[in-house]
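Tertiary structure, described
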Amino acid sequence: MQTENTLVIQTHGLTKIYKGANALQNLDLQVPQNTICGFLGPHGAGKSTTIKLLLGLTRPTKGKAEVFGLDSVRDSVSIRQRVGYLAQDPRYYDHMTARETLRFTAHFFYSGPRQMIEDRIKETLELVGLADKADRPIKGLSGGERQRLGIAQAQINYPDLIILDEPAASLDPMGRRDVLEVMERLRKHTTIFYSTHILDDVQRVSDTVVIMNHGQLVAHAPIAELMAGKDGVVYSLTVKGDGQAAQTRLAQQPWVTSVTAGSSNGATALQVSVTDEHTAESQLLRLVLADADATVTEFGRKKHNLEEIFLDIVEGDKANDNRK
Amino acid sequence: MTTANSALQPVAERGWQRGFGNLFRNENNLRWGRYRWIMSALIWLAILNGFVFLVAFGEADSGRSTPAEIAAVCMNVFMTIGAIATAVGVVVGVQGAIIREKQLGTAAWVLSKPASRSAFVLAKMLSHSLAFLGLSLLLPSLVFYGQSQMLWGKTPAALPFLGGWLVMVLHLLFYLALTLMLGTLFSTRGPVAGIGLGFLFGGQIVPNFAPEWVTLIFPWPLANLAPALALGQEVPSAWPIPVIATAVWTVVFMGVALWRFGREEF
């Protein structure tokens, strides 16, 4: 029996080398049960390689991967019994219809009863909005419809883990919204591990985020922690008047780690990094306003957006590489 | 999820068999579904039995041969052309069976489900075997029996004919295993078709300069052995060697195909 804290995915020093090139280097990854984990990284970061290693579609050069505590090489079929997978560029048999594709997929898991399998197929087609196109050949489906079929076939077996490789990449905004809604609905029952480059989607649905670059893990944290930024809690203020005095006064406080200032249009914009959030909330504004000449026109906790953090991490990683 | 899941019966296959039934059904649908088999059957009947008709009428028109001699010539033509043509058909028809799925990504999709890699290869082997045996050997052979009765009022002796037919089956299975194995070793069709057909037609040249034992350990003599057995003619004393060697090669090729496909990286 799995507990709330059970790790569904766990890798130890997972490494894959293709013809001398490091596709993945020493990946240590942990994904807990019933979470949605966004797997980010630029092209060639090692996302698809990691997913293929988890599914046993390719073998690690070094290290190991475990899914449900099972070894990805030795117990690959047992793992795939409990996993639903949607590939980045999903391909199916073109001679089949959507219904036939789901029937073919379902028969890898279930042998009967026939009517229950057909009911499951019907329910899944309705879930992804393909019921009216169920009996058309796949080659007649649009990109978005094929992607929805991909999601349908990935969850036909009520999987304990769904792995989606760029599930919304080829979809229009409505298609993306539908996919995210399906993911939200499924999170109650399953763990979702998905790679994407659409950062808004990650911010919206993920519990944890993993960022890869050049085959290496560069960040792995709960989304809230990552969104707080690497500088910890930061407040931003816009001060009219003597901004320099406010900066000096704030920098002297023991709970302030750094203050950066920039001027524009006669106002000073201050970014204040703090160690104690509660003290900052009660003291910070008072300290600035203690100076009668100073007027605060804007004040608030700095909200990072994921794109900013992602670029910061990935480009910081690139700068480190260049220094080496 | 578990509650909904529990009412459905899980697949009972384990180990290498996992997914075999489903994959085999899918392969069979491709071969036998939607009237495709009728087209294949008509092509094979036209090639093999049509050729027999042409030879039979040609011989009869020349007036040089007795009906028994014409029947023997036709049997010879049927078995020899049958062995060669079905081998060509296998190489051409099966060259993309594995490569196409590797290239398109459908193999990776299927193998992301609980299906063993051995089941993937064996389902193709069995399905193609049944289709080729049924449509390119069994059906034309039954029609040949009917042709013999119609043309010469006499059917071939059953046991010798069966012996020759089984040799043709072995010949076909060899090229099927070879083609599937090459499909696991290469990533494009060119080398698969080139090596398969090159090996088949190389058999016409190799005996001219290679020692006899080289010819005997490959299936080349089988195309001549099949009609000789079927006609009850005297066969070379070494005839069991190519039969046994071909059977061994077939098993070895399938073993290599399973081993190589088991290590394929998707």
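Bear in mind the structure is a predicted one, so any value in this text is a computation, not a measurement. (Residues numbered from 1 in each chain as written. Chains lettered and ligands numbered in written order. Predicted model: local features only at pLDDT ≥ 70, side-chain atom pairs only at ≥ 80, totals over all residues.)

Right, let's get into the overall build of chain A. If you tally the helices and strands in chain A, you get eleven helices and 15 strands. Reported as C-alpha extents along the three principal axes, the dimensions of chain A are approximately 80 × 45 × 40 Å. Out of the 324 residues belonging to chain A, those deemed buried represent 40%. Pairs at least 24 residues apart make up 68% of the contacts formed inside chain A by residues separated by at least 6 positions. (Helix = DSSP H or I, 4+ residues; strand = E, 2+ residues; numbered from the N terminus. Buried ≥ 20, exposed ≤ 12 C-beta atoms within 10 Å, placed from the backbone. Contact = placed C-beta atoms within 7 Å.)

What follows concerns the overall build of chain B. Across its full length, chain B holds 13 helices and one strand. Tracing chain B from N to C terminus, the helices and strands come up as α-β-α-α-α-α-α-α-α-α-α-α-α-α. Burial status across chain B gives 39% buried among its 266 residues. The contacts of chain B with a sequence gap of at least 6 include a subset with a gap of at least 24, amounting to 81%.

Moving on to the environment of Glu166(A). All names here are of chain A. Inspection of the secondary structure puts Glu 166 in the loop between β8 (161-165) and α6 (173-186). The exposure class assigned to Glu 166 is buried, which follows from the 22 C-beta atoms found within 10 Å. Apart from residues lying up to four places away in sequence, Glu 166 is in contact with Gln 88, Ser 195 and Thr 196.

The next subject is unusual backbone geometry. Phi is mostly negative for residues that are not glycine, and the peptide bonds are mostly trans. Residues and elements named next belong to chain A. The omega angle of the peptide bond from Gly 112 to Pro 113 is -10°, so this bond is cis rather than trans. One non-glycine residue, Asn 34, adopts positive backbone phi at about 55°. Relative to the assigned elements, Asn 34 resides in the loop between β2 (21-32) and β3 (36-40). With a phi close to 55°, Phe 68 is a non-glycine residue in the positive phi region. Position of Phe 68 among the secondary structure elements: in the loop between β4 (62-67) and β5 (70-71). Accessibility expressed as a C-beta count within 10 Å gives 20 for Phe 68, which makes it buried.

If you check helix α5 (residues 143-154) of chain A, its first and last C-alpha atoms are 16 Å apart, about what twelve residues at 1.5 Å a residue would give, namely 16 Å. Regarding α5(A), the residues found buried are Gln147(A), Arg148(A), Leu149(A), Gly150(A), Ile151(A), Ala152(A), Gln153(A) and Ala154(A). (Expected span 1.5 Å × (residues − 1).)

It is worth spelling out the domain arrangement of chain A at this point. Structurally, chain A comprises domain 1 (7-227) and domain 2 (233-301). The C-alpha-based centres of domain 1 of chain A and domain 2 of chain A are spaced at 45 Å. (Domains from an automatic or database assignment.)

Here we take up the interface of chain A and chain B. Note on interface size: it is often stated as the accessible area lost on association of the parts. Contacts between the two partners involve 29 residues from chain A, matched on the other side by 26 residues from chain B. Looking at the side of chain A that touches chain B, the elements with two or more residues in it are α1 (47-55), α2 (76-81), α3 (98-106), β7 (110-112) and α4 (114-127) of chain A. Classifying every residue of the side of chain A that touches chain B gives 16 nonpolar, eight polar and five charged. (Nonpolar A, V, L, I, M, F, W, Y, C, P; charged D, E, K, R; others polar.)

Turning to the packing of α3(A) against α5(A), a few remarks are in order. Residues and elements named next belong to chain A. Interhelical geometry of α3 versus α5 gives an angle of 25° and a closest axis separation of 9 Å. Classified by the interaxial angle, the pair formed by α3 and α5 is roughly parallel. Handedness of the α3/α5 crossing: right-handed. The residues of α5 that touch α3, namely those facing Ala 98, Thr 101, Leu 102 and Thr 105, are Leu 149, Ala 152 and Gln 153. Residue classes in the contact of α3 with α5 are distributed as four nonpolar, three polar and no charged. (Axes fitted to C-alpha atoms, helices over the stretch in contact; angles between N-to-C directions. Parallel < 35°, antiparallel > 145°, perpendicular 65-115°, else oblique. Left-handed = near helix turned anticlockwise from the far one by under 90°.)

Our next topic: the confidence of the model for chain B. Taken residue by residue, chain B gives an average pLDDT of 93. The fraction at 70 or more is 98%. Two summary scores accompany this predicted model of the complex, namely pTM at 0.85 and ipTM at 0.89. (pLDDT = per-residue confidence, 0-100.)

Residues and elements named next belong to chain B. Remark: helix α3 (residues 36-62) packs on helix α4 (residues 67-94), axes separated minimally by 9 Å, with the N-to-C direction vectors making an angle of 150°. Looking at the two axes, α3 sits roughly antiparallel to α4. Remark: the crossing between α3 and α4 carries right-handed chirality. Residues Ile 47, Leu 48, Phe 51, Val 52, Val 55, Ala 56, Glu 59 and Ala 60 of α3 pack against Ile 70, Val 73, Cys 74, Val 77, Phe 78, Ile 81, Gly 82 and Ala 85 of α4.

A word on helix α10 (residues 277-289) of chain A. Residues and elements named next belong to chain A. A rise of 1.5 Å per residue sets the reference length of α10, with its 13 residues, at 18 Å; its end C-alpha atoms lie 19 Å apart and thus fit the reference within 8%. Along α10, the helix axis deviates most sharply at Gln 283, where the bend reaches about 35°. Of the positions making up α10, those classed as buried are Ala 280, Leu 284 and Val 288. As for α10, its buried residues are in contact with β12 (233-240), α9 (243-251), β14 (267-274) and β15 (295-301). (Bend = angle between axes of the 7 residues up to and from the residue.)

Let us now look at the sheet that holds β15(A). Residue and element names in this part refer to chain A. The four strands are arranged β13-β14-β12-β15 in an open sheet whose pairing can be described as antiparallel. A strand with exactly one partner marks an edge of an open sheet, and here the two such strands are β13 (256-264) and β15. Direction aside, neighbouring strands of the sheet carry axes that sit 15° apart on average. Where β12 and β15 come together, six bridges link them in antiparallel fashion. By the bridge assignment for β15, Ser 236 is matched with Gly 300. Sheet contacts for α9: β12, β13 and β14; angle to β13, the most-contacted strand, approximately 170°. (Pairing = 2+ DSSP bridges.)

On to the nonpolar core. Ranked by internal contacts, the top residues of the largest apolar core, which has 135 residues, are Ile163(A), Phe120(B), Leu176(B), Leu180(B) and Ala226(B). The biggest single contributor to this core is helix α8 (residues 158-185) of chain B, with 15 residues. Those residues in contact with Ile163(A), other than ones at most four positions away along the chain, are Ile51(A), Leu54(A), Leu55(A), Val83(A), Tyr85(A) and Phe193(A). Tyr235(A), Ala246(A), Val272(A) and Ala280(A) belong to the second-largest nonpolar core, a separate cluster that totals 13 residues. (Core = buried A, V, L, I, M, F, W, Y, C linked by C-beta atoms within 7 Å.)

Moving on, we come to the sheet that holds β8(A). All names here are of chain A. Across the sheet, six strands lie side by side as β6-β8-β9-β3-β10-β11; this open sheet has mixed pairing. Sheet topology places β6 (83-86) and β11 (216-222) at the edges, where each strand pairs with a single neighbour. Going from strand to strand, the sheet's axes swing by 15° on average, the running direction of each strand aside. Here strand β10 (residues 208-213) pairs with β11 via six bridges, running antiparallel. When the bridges of β11 are listed, Met 212 appears paired with Leu 217. The strands touched by α1 are β3, β6, β8, β9 (191-196) and β10; relative to β8, the strand with the most contacts, the crossing angle is about 145°.

Another point: the environment of Gln81(A). In this fold, Gln81(A) is placed in helix α2. Through-space distance from the C-alpha of Gln81(A) to that of Pro159(A) is 7.9 Å; in sequence the pair is 78 residues apart. Among residues more than four places away in sequence, those in contact with Gln81(A) are Phe109(A) and Pro114(B).

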